[in-house]
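Here is how the chains run, residue by residue.
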Amino acid sequence: MSYKLPMKLKHWGKKAVGVTALALSAAAINLSVAGLAQAHPVWLLPHEFNLSGDKGEWVTVDASASHTIFSPDKALSLDRVAIFTPEGGKQRLGSYFKGQRRSVFDLDINQAGTWKLAADRAPIYFTFYTHGKRNAKKRLFADKQAAQAQLPEDAKNVVTKLISVSAVSYITWQAPSQKVLELKNKGLELAGPTHPSDVVAGDEVSFQFFIDGKPAANVNVELTPHGTKYRNDRLMQKLKTGKDGLLVFTPEIVGPWYLSAQLERDIATDKADSESHMLYMTFDAQLP
Amino acid sequence: MFLTVPTILLRSIGSAAYTKRFCLMIASILICLPLMAGQAIANADSSAKKKADEKPLDITFTLPEIATGQYQRPYVAVWIENSKGKSVKTLAVWHGDKKWLKDLRRWWRKAGRYIESSSTPADKALSDSFTGATRSPGRYSLSWDGLDDAGQPLADGDYQLVLEAAREHGSRTLLKQKFKLPDTNTRFRIKAGKELGPVEIVQP
């Protein structure tokens, strides 16, 4: 697959012209044709999820976007990676590197408790339309109002979507803590009851999803265990959250899992017709 | 003398020479009975004291010799979980650098991370009470007094003894045995895993 790089990237910040944008625009293209299921999965993969030392430790983290879990394909820009400490502060990245297919950063875990790693994208507007004799599918990186000036006169099927993307993972040094799981009541979020550091292969897991702070029903979730490159069956489960926003499942395979959650809903604002929230999480199913 | 009867009883059940042993067993019981009755009467007054001295579990296990060029002594944890899988008592943790304590995955998740991250004097003392340096291959014994981490007697019910060993450049072995409290005259044996075992467990 090849994608044209979007030319108008003002919304993305100066340095974000890299492959995150590419991956996201890929997501957007697919939005118009096949829904979000084919968006490029964006992921953060810490190589340690639980630490026990009596001193702080460094953890190395991969950041990439790929359909083969977790084989790097499109390196993520690290400009928008944010690290939240157990006490509620932020932490700078250590050494980092952006290659063609993978970005890597080191992280100094120097506070006990649970850390949150997030590669967030500021919400961005896409306006889709068709035009011309062949009804060619086109898109603009513009909200509903801004698009008015840019749309060709014969534009049809004009739909503007607001898209938010967040890829998260959690690392715990010593006992797990809750601070980084507190809801911000904004967008699609995930919280307990199962703490991300308490996932054990063979044990039932419950994650609760929230949209703007309220339980989010009917969130489309895909769960994929690591190592798809080395097996025939992708072993991906497609699930939906219940009306209380709960996702209940039992991971049977030990190791890192990729969770992809997507919620689309109509919004009636003067800037967009609908919004899509994509929340990606990497978690570790531990040995029993 | 108390131990003789159940030992013979259990061994004879598993044995082919059943009849012969059975006769022996009956004989032992006949000999022991008057003694047991006598002791029971004698101990009636000091039953409270006896409870405190009780050893609900005696555990003996082997750390096997492993022929390898890169041998490091294993990290070992032995603990007790209640019927809900919650750790209620850690009996022993033998380790080196705490960086690798997490490799005792189950013990770290169920108990270690909470005890190690606590700064209360009670938890520090608790940690000191069961931690020690790694041990060489050999046969080791532990006794459990029936008290939980907080020094309180455990309620009657179902429990599980768990043993975990993990070795650098080696494997991990997790062994489990369910048991009941109270129970007496019971003996369990767990087959050896790569890094740990066999294990003998006695509820005297």
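None of the values given here were measured: they were computed from a predicted structure.

Enquirer: I keep staring at the pattern of salt bridges and nothing clicks. Help me out?
Expert: Two side chains carrying opposite charge are able to pair once their charged atoms lie near each other. Residues and elements named next belong to chain A. As enumerated under the stated definition, the model contains 19 salt bridges over all chains in all. Notably, a salt bridge pairs Asp62 with Arg102, separated by 3.4 Å at the nearest N-O pair. Linking Asp62 in strand S3 (residues 57–65) with Arg102 in the loop between strand S7 (96–98) and strand S8 (103–109), this pair joins segments that are 40 residues apart in sequence. A relative accessible area of 6% means that Asp62 is categorised as buried. Looking at Arg102, the relative accessible area reads 36%, which means it is partly exposed. Among the salt bridges present, the one from Lys144 reaches Asp273, with a minimum N-O distance of 2.6 Å.

Enquirer: What exactly am I supposed to notice about the environment of A:Tyr170 here?
Expert: Residue and element names in this part refer to chain A. Locating Tyr170 in the fold gives a position in strand S11 (residues 156–173). Judged by relative accessible area, Tyr170 falls into the buried class, the value being 6%. The spatial distance from the C-alpha of Tyr170 to the C-alpha of Glu48 is 9.7 Å, given a sequence separation of 122 residues. Excluding its chain neighbours within four sequence positions, the residues that come into contact with Tyr170 are Phe49, Thr114, Trp115, Lys116, Val180, Leu181, Pro196, Met281 and Thr282.

Enquirer: Explanation requested: the layout of surface pockets in the structure shown.
Expert: Space left empty within the atom packing is revealed by a probe, the size of a water molecule, rolled over the atoms. Residue and element names in this part refer to chain A. There is about 670 Å³ of room inside the second largest pocket. Together, 30 residues line the second largest pocket, and Asp120, Ser166, Lys186, Gly187 and Leu188 are the ones closest to its centre. Of all the secondary-structure elements, those providing two or more residues to the lining of the second largest pocket are strand S9 (113–131), S11, strand S12 (188–193) and strand S19 (274–285). Broken down by class, the residue content of the lining of the second largest pocket amounts to 16 nonpolar, four polar and 10 charged.

Enquirer: How do you make sense of the sheet that holds strand S4 (residues 131–132) of chain B when you look at a structure like this?
Expert: Note on sheets: strands pair through backbone hydrogen bonds, and any given pair is parallel or antiparallel. Residues and elements named next belong to chain B. The five strands are arranged S4-S3-S2-S6-S7 in an open sheet whose pairing can be described as mixed. Each end of this open sheet is capped by a strand with a single partner; those strands are S4 and strand S7 (172–181). Here strand S3 (residues 87–94) pairs with S4 via two bridges, running parallel. Pairing of Trp94 across the sheet is with Gly132, part of S4.

Enquirer: Looking at this structure, I do not really get the environment of A:Gly192. What am I missing?
Expert: Summarising the element assignment, A:Gly192 is placed in strand S12. Taking the C-alpha atoms as reference points, A:Gly192 and A:Phe209, 17 residues apart in sequence, are found 8.7 Å from one another.

Enquirer: Mind showing me how you'd approach unusual backbone geometry here?
Expert: Excluding glycine, residues mostly carry a negative phi; peptide bonds, for their part, are mostly trans. That bond from A:Gly192 to A:Pro193 is cis: its omega, 0°, falls within 30 degrees of zero. Considering the arrangement of structural elements, one finds A:Pro193 in strand S12. For the bond from B:Leu181 to B:Pro182, the omega torsion is -5°, close enough to zero to count as cis. Here B:Pro182 lies in the loop between S7 and strand S8 (186–190). Unusually for a residue other than glycine, A:Asn135 sits at a positive phi of about 55°. As for its position among the elements, A:Asn135 is in the loop between S9 and strand S10 (136–140). Owing to a relative accessible area of 39%, A:Asn135 belongs among the partly exposed residues under this scheme. Notably, A:Asn185 is not glycine yet its phi reads approximately 60°, a positive angle.

The rules behind each value
- Residues numbered from 1 in each chain as written.
- Chains lettered and ligands numbered in written order.
- Predicted model: local features only at pLDDT ≥ 70, side-chain atom pairs only at ≥ 80, totals over all residues.
- Heavy atoms only, no water.
- Salt bridge = Lys/Arg side-chain N within 4 Å of Asp/Glu carboxyl O.
- Helix = DSSP H or I, 4+ residues; strand = E, 2+ residues; numbered from the N terminus.
- Buried < 20%, exposed > 50% of the residue type's maximum accessible area, 1.4 Å probe, protein only.
- Contact = heavy atoms within 4.5 Å.
- 1 Å grid on protein atoms, 1.4 Å probe; cavity = no way out; pocket = protein on both sides within 12 Å on 5 of 7 lines; lining within 4 Å.
- Points joined across faces, edges and corners; volume = space filled by probe spheres on them.
- Nonpolar A, V, L, I, M, F, W, Y, C, P; charged D, E, K, R; others polar.
- Pairing = 2+ DSSP bridges.

Function cannot be inferred from these measures alone, as they are strictly geometric.
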